[in-house]
Amino acid sequence: MTASSSMPLMLAASALDPVITAVIAVVVLLLLGAGLAVGRRRSGSGDGADGDTSTSLQERTVDDVDATRPEVEEELPEVPDTPEALLEPDEAAPPAVPPVEEDLGLGERFRRRLTRTRNVLGASVVDLFGKGVTEDAWEGLEEALITADVGVTATLELVEELKRRSREEGVNDADGVLRLLKEELTAALGEADRSLGRGGDDGPTVWLVTGVNGVGKTTTIGKLAAVERRDGRSVVLGAADTFRAAASEQLGVWAERTGAELVAKDAGADPASAAYEAYDAAEARGADVLIVDTAGRLHNKTQLMDELGKVKRVLEKRAGSLEETLLVLDATTGQNGIAQARAFLEAVDVTGIALTKLDGSSRGGIVVAVQRELGLPVKLVGLGEEVADLAPFDPELFVDGLFAELAG
Amino acid sequence: MFDSLASKLEAALDRVKGRGRLDEKTVDATLKEIRLALLEADVNFKVVKGIIERLREQLVGEDVAKALNPSQTVIKAVDAELTRALGGESASLDLKGPAPSVIVLAGLQGSGKTTAASKLAKHLKAKGRNPMLVACDLQRPAAVEQLKLGAERVGVHVYAPATSGDPVPVAKESISKARDTGCDTVIIDTAGRLHVDEVLLDQASAIKDVAGEHGGVVRTLFVIDAMIGQEAVNVAKSFADRVGFDGVVLSKLDGDARGGAALSVREVTGTPILFASVGEAPEDFEAFHPDRMASRILGMGDVMSLIEKAESTYTEQEQRQAEEALMSGEFTLEDFLDQLQMLKRMGPLQGLMGMLPGMDKQLKDVDLDDGQFDRVEAIIRSMTPQERRDPKGVLNGRRRKRIAAGSGTTVTEVNRLVKQFAEMQKMMKQAAKQAGGPGGKGKGGAKGQAAAMRQVQQQLGAGTPSGPGATGLGGFQGLQPAPKKGKGR
């Protein structure tokens, strides 16, 4: 019944005539279960379709090159009418932001921004379990976790474990439950190394940034560049999003703001070669860090995921193994976040997650499920809209944030 | 892994099969599964509660005696309730009034406003309107540039006089600009915010106000990402309370998110979901279909329409016969031919494939013209009954040549059919074993059948070139969006 036990059959089925496949599929589905049971399967291997990749990529490039698109000049393109408003954060950034303190130097700032949600966890647990450790209270906790997008499966398992432990350890008050809950959630988030990987002296450190559309990849890169620049490192931004209109312009604005250098190719260019050339440029300039931006892509689009795989392979051919392959996840994302993480992990072997748009209202509980299920650590969180709102991930703060609404 | 709601329902309802009315206990067990499925699909917690209560009222005492399969009855009820909650009929955008009519697009950062703007423009252009895009997102770097490029790509006017500063005057001027250029529809792209806050709400209100000063209609569309989680409700609610919107655009529906947030938003605000954005190309934008979305949220594809089709095609006896053939583990070419005939009565096979849940998009996109079916049919019809029952055993070179000649095909084609059918038979046997098989061994009953079906589905699916997208908790591809073939990228 498991997919793995039927490997030979899978292979056989792959050779089937579409006609037979179609007929059998329809008949079996209709008759055996009245067409109702809907099986899910895991894909056997994501990398099998390599042969198709090049053609599909060509299609994408050829079809979507917009001939009328204005040329994007290499390196620091002039951004027409660079809005002053846009540059505001930049003006404020280097002088106004407190000097580097730890890691990314922003931990304290982050902490301060989140103070309003501090101790919320304690308060909400006391709220729920104040009248005793009852079934109602457990349900309330379930509700709180699900509302924070932790996900049904993860929540039910977590609460089940909490119930078991509270029985066994004779916990019968809110404080005890709070202690257990913190332990369990922190355990669920793992004790991973959350620092960003850095290379040796033999060339720039390379960070590849990936994710679905609209999660904030480019913005995260801009913030990362700001942090690196502030720490005195030279940064090259590689625009390998050659697909979305004005993507490299957007990255260019960030390069200008942060004093990084932009390396971009024309719209519609092969993203893998754009990444490759970005490395060339970064190396030639003796840059410390190269951050490569990629086009947003929905994780269920095989061709686009193959394309991303190629970007990474080509880049690695030139640069050796990358120091970091980040997946950017939007904190408002629901249960689909797991599917995203799984697909990107499979395609490009993601090493860490940057959780963006985290603030008082979106709680990003999905990363609990992601880390539990896939062991992918969250390394960075993007808190707000300003350059300085990027910080190392702090599990304790995060756990508190999960319960923000209950206390609010 | 996500286990299907349907098979869980089968299990929960197994004991009432053919036994009359649904009692409270059974309904509770069933509703528990439905509740979990809805939560997994990101339907808001509170909205789920309401839906479950309404379903409970409907289902307790429901007569399932006559139903072949009680879970069908339940799923139909759930499907109907979800469709109702999603708004029932497809709604449309009313743009009547003195020109130009104005559409304001608002939403969170990254929800897809700028992309939706040019798609909507193209959509309206195709309906005979003359739209103008207006760049009022003066915050995100290069957003204006992106909108300009979008406008160029779909061939509509664009008004983008500024890349920074206050967007309200831009919105105001755009009206007269539209009049000057003869545009009857103005589509305003606004800046997104991290979450709904005062600045966003004030700006949206201000833009709405100035855009309506000429007395034309102003429709505000709220763009929301299909992948959004529980937060969707808060976002939509505060926006609806403070600014108000007339419709929702559900973006990135070509992903595999089940999109439960759409239901939450509709339920909490009562505002219809008007459009779905289903791909990266400008034409991947369509009217929203509540009924299809309901199935998607349940993770069931267009199974409902498939069942209805099957019910109207197969008589009960035919259904039993086919089932027996499958379950016996001796599914011959003859049975295959019967089924082929039956399916042809249900309509074009390409369409049927598209309705199957759990099938890969790649499989759905395979070109199935009826000519291919005719050739297969011709080959089988050129066989003797004995050959149809045991092709491997009796077919020698001479017979193969005869069949090829008789069917107007080639020996290669005959060989291929025979070989592939043998592979398929093996698979069917294994599936039959799962389902209870001959002599009633195995699990039997609905559960066993469901298991068998899953297996077949797994194998069929796995045979196609697939990618990571096939995995995960998400819904099934190609249900709501039904991606068109031959599109670039």
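In this text, all values refer to a predicted model and were calculated from it rather than measured experimentally. Residue positions are counted from 1 within each chain, in the order its sequence is given. To label them, take the chains in the order written and letter them from A, then take the ligands in the order written and number them from 1. Side-chain atom pairs in this predicted model are given and counted only at pLDDT of 80 or more, local residue features only at pLDDT of at least 70, and totals for whole chains, interfaces and linings cover all residues. Each side-chain value is worked out from all heavy atoms of the structure, with water and hydrogens disregarded.

**Observations regarding the overall build of chain A**
What counts as a helix is a DSSP run of H or I of at least four residues, what counts as a strand is a run of E of at least two, and both are numbered from the N terminus. Assigned secondary structure in chain A consists of 17 helices and eight strands. Here's how the labels work: a residue is buried when its accessible area is under 20% of the maximum for its type, exposed when over 50%, partly exposed in between, all with a 1.4 Å probe on protein chains only. Scored against the burial criterion, the 408 residues of chain A give a buried share of 61%. By definition, residues are in contact when any of their heavy atoms lie within 4.5 Å. Here the analysis covers contacts within chain A between residues at least 6 apart in sequence; of these, 79% occur between residues at least 24 apart. For the area figures, the Shrake-Rupley method with a 1.4 Å probe applies, and any residue is considered shielded solely by the protein chains shown. When the accessible area of chain A is evaluated, it comes to approximately 14800 Å², of which 47% is carbon and sulfur surface.

**Considering the sheet that holds strand 4 (residues 289–294) of chain A**
All names here are of chain A. In space, the eight strands of this open sheet follow the order 3-2-4-1-5-6-7-8, with mixed pairing throughout. With partners counted over all chains shown, the strands left at the sheet margins are strand 3 (261–264) and strand 8 (390–392), one partner each. On average, adjacent strands in this sheet sit at an angle of 25° to one another, irrespective of strand direction. A pair of strands counts as paired when DSSP detects no fewer than two bridges linking them. As paired elements, strand 5 (residues 324–330) and strand 6 (residues 352–356) share five bridges and run parallel to each other. Bridged to L327 within strand 6 is I353. Each axis is a line fitted through C-alpha atoms, and for a helix only the stretch in contact is used; angles between axes span 0 to 180 degrees, taken between their N-to-C directions. Its contacts with the sheet put helix 14 (residues 336–348) on strand 1 (205–210) and strand 5, and the angle it makes with strand 5 is roughly 165°.

**A closer look at helix 6 (residues 143–154) of chain B**
Relative to the 16 Å expected for 12 residues at 1.5 Å per residue, helix 6 of chain B spans 17 Å between its end C-alpha atoms, a close match to the ideal helical length. By the burial criterion, the buried members of helix 6 of chain B are A143, V144, E145, Q146, L147, L149, G150, A151 and V154 of chain B. Packing partners of the buried residues in helix 6 of chain B comprise helix 11 (247–258) of chain A together with helix 5 (113–126), strand 2 (131–136), strand 3 (157–159) and strand 4 (185–190) of chain B. After helix 6 of chain B finishes, the residue G155 of chain B shows a positive phi value of roughly 70°. Expected span of a helix, by definition, is 1.5 Å for each gap between consecutive residues, and there is one gap fewer than residues.

**Overview of helix 12 (residues 271–284) of chain A**
Residues and elements named next belong to chain A. With 14 residues, helix 12 extends 20 Å between its outermost C-alpha atoms, agreeing within 8% with the 20 Å of an ideal straight helix rising 1.5 Å per residue. Close packing links the buried residues of helix 12 with strand 1, strand 2 (235–240), strand 3, strand 4 and helix 13 (302–319). Count one or two residues on from helix 12 and you reach G286, which has phi positive near 65°.

**Overview of the pattern of salt bridges**
The salt bridge definition used is simple: a Lys or Arg side-chain nitrogen within 4 Å of an Asp or Glu carboxyl oxygen. A full pass over the atoms with the stated rule returns 38 salt bridges over all chains. Residue D231 of chain A pairs with R233 of chain A through a salt bridge whose shortest N-O separation is 3.8 Å. Given the relative accessible area of 26%, D231 of chain A is considered partly exposed. For R233 of chain A, a relative accessible area of 25% corresponds to the partly exposed category. A salt bridge links R242 of chain B to D202 of chain B, with the shortest nitrogen-to-oxygen separation between them at 3.0 Å. In this pair, R242 of chain B sits in helix 9 (residues 232–242) while D202 of chain B sits in helix 8 (residues 198–211), placing the two residues 40 residues apart along the sequence. Looking at R242 of chain B, the relative accessible area reads 40%, which means it is partly exposed. Via salt bridges that share partners, R165, E169, R179, E183 and E184 of chain A belong to a single interconnected network.

**Brief notes about the confidence of the model for chain B**
Residue and element names in this part refer to chain B. What pLDDT expresses is the predictor's confidence in each residue, scored from 0 to 100. Confidence in the prediction for chain B averages 79 pLDDT; 74% of positions are at 70 or higher. Segment residues 437–447: pLDDT under 50, and 18 contacts once partners within four positions in sequence are set aside and those in other chains are kept. Interface confidence for the predicted complex, expressed as ipTM, amounts to 0.72; the pTM equals 0.71.

**Observations regarding the environment of V47 of chain B**
Residue and element names in this part refer to chain B. For V47, the location among the structural elements is in helix 3 (residues 45–59). Expressed as a C-alpha distance, the spacing of V47 and L263, which sit 216 residues apart in the sequence, is 8.3 Å. When residues no more than four places from it in sequence are discounted, the contact partners of V47 are L263, S264, E267 and V268.

**As for the nonpolar core**
What we call a nonpolar core is a set of buried Ala, Val, Leu, Ile, Met, Phe, Trp, Tyr and Cys residues that are connected through their side-chain atoms within 4.5 Å. With 74 residues, the main nonpolar core has L237, I291, L355 and F398 of chain A as its most contacted residues. Top contributing element to this core by residue count: helix 9 (residues 174–189) of chain A, with eight residues. For the domain bounds, the source is a domain assignment made automatically or taken from a database. Residue-level mapping places this core at the junction of two domains, with at least three residues from each of domain 2 (84–109 + 194–396 + 403–407) and domain 3 (117–189) of chain A. Beyond its immediate chain neighbours, meaning those up to four positions away, L355 of chain A contacts L329, D330, A331, G364, V367, V378, L380, V381, G382 and F398 of chain A. Membership of the second largest hydrophobic core comes to 54 residues, among which are V152 of chain A together with L36, A41 and F239 of chain B.

**Comments concerning the packing of aromatic side chains**
Pairing of aromatic side chains here covers Phe, Tyr and the six-membered ring of Trp, requires ring centres within 6.5 Å, and sorts the geometry by plane angle: under 30 degrees stacked, over 60 edge-to-face, intermediate tilted. Counted under the stated rule, the structure contains seven aromatic pairs over all chains. For the ring pair F393 of chain A and F398 of chain A, a centre distance of 5.2 Å and an interplane angle of 55° mean the geometry is tilted. Take F393 of chain A and F398 of chain A: they sit in the same class, and that class is buried. Centroid distance F239 of chain B to F245 of chain B: 5.9 Å. Interplanar angle 40°. Geometry classified as tilted.

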